[in-house]
Amino acid sequence: MTNKTKVLHVTSVHIHTDTRILLKECKSLSKIYDVHLINPFYEGKIDNINLHKVIFFRNRLLRVLTSWLLVLPKSCFINYKVIHFHDPELLFAVPIWKIFGKKIIYDVHENYSKQVYTKEYIPLVMRKLLQQVIKFIEYIYAYFVDIIIVVHQDLNFILNKFKKHITISNAPILDYKFVPKTRKKQFCYIGVISEERGILKMAKIFNELKVDFVLAGNFSSKKLKKKIISLKNIKYLGIINREEVIKVISESTCGVCTYLPLPNHMISNPNKLFEYLNYGTPVICSNFESYKDIIDEKYSFVHYVDVNNKSEIVKNIKNILSMNDNELNNSGEEANKFIEKNYNWDIEANKLIESYKKILSK
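Given the structure is predicted, the values throughout are model-derived calculations rather than measurements. (Residues numbered from 1 in each chain as written. Predicted model: local features only at pLDDT ≥ 70, side-chain atom pairs only at ≥ 80, totals over all residues. Heavy atoms only, no water.)

Peer 1: What's the story with unusual backbone geometry in this structure? I'm lost.
Peer 2: Glycine aside, the phi torsion of most residues is negative, and most peptide linkages are trans. The phi dihedral of Asp47 falls on the positive side, at around 55 degrees, and the residue is not glycine. In this structure, Asp47 sits in the loop between strand 3 (44-46) and strand 4 (49-53). Its relative accessible area of 49% is what places Asp47 among the partly exposed residues. Even without glycine at this site, Lys210 takes up a positive phi of about 60 degrees. Locating Lys210 in the fold gives a position in the loop between helix 7 (199-209) and strand 10 (212-216). (Helix = DSSP H or I, 4+ residues; strand = E, 2+ residues; numbered from the N terminus. Buried < 20%, exposed > 50% of the residue type's maximum accessible area, 1.4 Å probe, protein only.)

Peer 1: Which parts of the structure should I look at to understand helix 15 (residues 345-360)?
Peer 2: Taking 1.5 Å of rise per residue, 16 residues should cover 22 Å, and helix 15 covers 22 Å from first to last C-alpha, within 8% of that figure. Every buried residue belonging to helix 15 is among Trp345, Glu348, Ala349, Leu352, Ile353, Ser355, Tyr356 and Ile359, and all of these are buried. The buried residues of helix 15 occupy an angular sector of 155 degrees when projected down its axis, which confines them to one face. Those residues of helix 15 that are buried lie in contact with strand 1 (6-10), helix 1 (19-29), strand 5 (82-85), strand 6 (103-108), strand 7 (147-150) and strand 8 (165-167). Structurally, the start of helix 15 carries an N-cap: the backbone nitrogen of Asp346 is 3.0 Å from a side-chain oxygen of Asn344. (Expected span 1.5 Å × (residues − 1). Arc of directions from axis to C-beta. Contact = heavy atoms within 4.5 Å. Polar contact = N/O pair within 3.5 Å; in protein donor to acceptor, adjacent residues only side chain to side chain.)

Peer 1: Looking at this model, I keep getting lost on a nonpolar patch on the surface. Mind explaining?
Peer 2: On the surface, Ile15, Phe41 and Tyr42 cluster together into a nonpolar patch covering about 260 Å² of accessible area. Residue classification places Tyr42 among the partly exposed positions, given a relative accessible area of 31%. (Patch = residues over 30% accessible without salt bridge, like charges linked within 9 Å, V, L, I, M, F, W, Y side chains within 5 Å. Areas by Shrake-Rupley, 256 points an atom, 1.4 Å probe, with all protein chains shown as cover. Salt bridge = Lys/Arg side-chain N within 4 Å of Asp/Glu carboxyl O.)

Peer 1: What is the right way to read the sheet that holds strand 6 from this model?
Peer 2: The strands making up a sheet associate through hydrogen bonds between their backbones, and the pairing can be parallel or antiparallel. Within the open sheet, the eight strands sit side by side as 3-4-2-1-5-6-7-8. Their pairing is mixed. Strands at the two margins of the open sheet, each flanked by one partner only, are strand 3 and strand 8. Across the sheet, the mean angle from the axis of one strand to that of its neighbour is 25 degrees, orientation sign disregarded. Here strand 7 pairs with strand 8 via three bridges, running parallel. Its bridge partner lying in strand 8, Ile149 is registered against Ile166. Across the face of the sheet, helix 15 comes into contact with strand 1, strand 5, strand 6, strand 7 and strand 8 while running at roughly 135 degrees to strand 5. (Pairing = 2+ DSSP bridges. Axes fitted to C-alpha atoms, helices over the stretch in contact; angles between N-to-C directions.)

Peer 1: Got a minute to help me understand the packing of helix 7 against helix 8 (residues 222-229) in this structure?
Peer 2: Geometrically, a packed helix pair is captured by the angle between its two axes and the distance between the axes. Helix 8 packs onto helix 7 with a crossing angle of 15 degrees between their chain directions and a minimal axis gap of 10 Å. Judged by the inter-axis angle, helix 7 sits roughly parallel to helix 8. Of the two possible hands of crossing, helix 7 and helix 8 adopt the one that is left-handed. For the pair helix 7 and helix 8, contact is made by Ile199, Leu200 and Ala203 and by Leu224, Lys227 and Ile228, respectively. Here the residues of the contact of helix 7 with helix 8 sort into five nonpolar, no polar and one charged. (Parallel < 35°, antiparallel > 145°, perpendicular 65-115°, else oblique. Left-handed = near helix turned anticlockwise from the far one by under 90°. Nonpolar A, V, L, I, M, F, W, Y, C, P; charged D, E, K, R; others polar.)

Peer 1: Quick question: what am I supposed to make of the environment of Asn326 here?
Peer 2: Mapped onto the fold, Asn326 is located in helix 14 (residues 325-342). Among the residues examined, Asn326 registers a relative accessible area of 52% and is labelled exposed. Considered as a pair, Asn326 and Pro180 are 146 residues apart in the sequence and their alpha carbons are 8.2 Å apart.

Peer 1: Help me understand the sheet that holds strand 14 (residues 302-305) in this model?
Peer 2: Spatially, 11-10-9-12-13-14 is the arrangement adopted by the six strands of the open sheet, whose pairing is parallel. In the strand order of this sheet, the two ends are held by strand 11 (234-236) and strand 14, each with one partner. The average angle at which neighbouring strand axes cross in this sheet is 25 degrees, direction not considered. As judged from the three bridges shared by strand 10 and strand 11, these two strands associate in the parallel manner. Within the sheet, the bridge partner assigned to Leu215 lies in strand 11 and is Tyr236. Sheet strands in contact with helix 7 are strand 9 (184-190), strand 10, strand 11 and strand 12 (252-257), and its direction is about 150 degrees off that of strand 10.

Rendered as structure tokens:
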């Protein structure tokens, strides 16, 4: 039986092996606290983290309306001192958690009001309405939250007004020592495979150029999956483990992080970008100012492109393919050292642990 303080993470959307939630935050906190995670997929134990499965509705609307209710029995009546939640639909549970004396952390991965505006399956009039509804709900319920975590300092100016936000970025875990590799003439993308992340656009370009494009992760829809895997030169690996991720990235010529210029992407902090660099592989990347603020254009390991300019993308792909293994490895080693020095999870984990200590001391 542990004497450690019990803390709970809650997600109604993310997979239980989510990099930010499980591998970074929960694992870091488990060195000090008795960490539990409510999630939609898995019941059991991973490392020192206790996972609890709650079955949520698959229908989006029903899930949004009921998720907060479904997590209450497993979160209110156990002596968790901190509840740290990751999805905006769970905001409705905040006042109830407060009544039960919980300290509450709202972890904001994206600007959700901007994100909903990009969902083309929602009629435009409804998108505009939902955008305002989300802003209102976040503003009202965030009042009761003790700490708001954002992945980028400029992610959500409305939430920043509360003056209780801290920035904990998607910096990578330092789990790789750079070793020069024989590079395969392939580009790679690991993560959620969606049209908004520019994957269909890039897949079509690689198909035209007859360049191998290796993909791993979940597709956002069956329709998109069918479109992409029907193209030549596409190699889909499914969902792969951490060791396989490292192998694919470190042996590739270049990683792909070409998110489309949508409002919720323009100010963001994508884990993918830093993961590729951590594993010693250059990246072709959207030329967003928020990315350039972190990694200057002067560095050889990031190839910034206008994702709406096909000729610019093609030119950069060809330039990258013209590099030999020695050039790629030199660039990759520089990337790995940059991440180790400036942008790694150890730095962010310390900020997370200090934020827990702060609210638990009150």
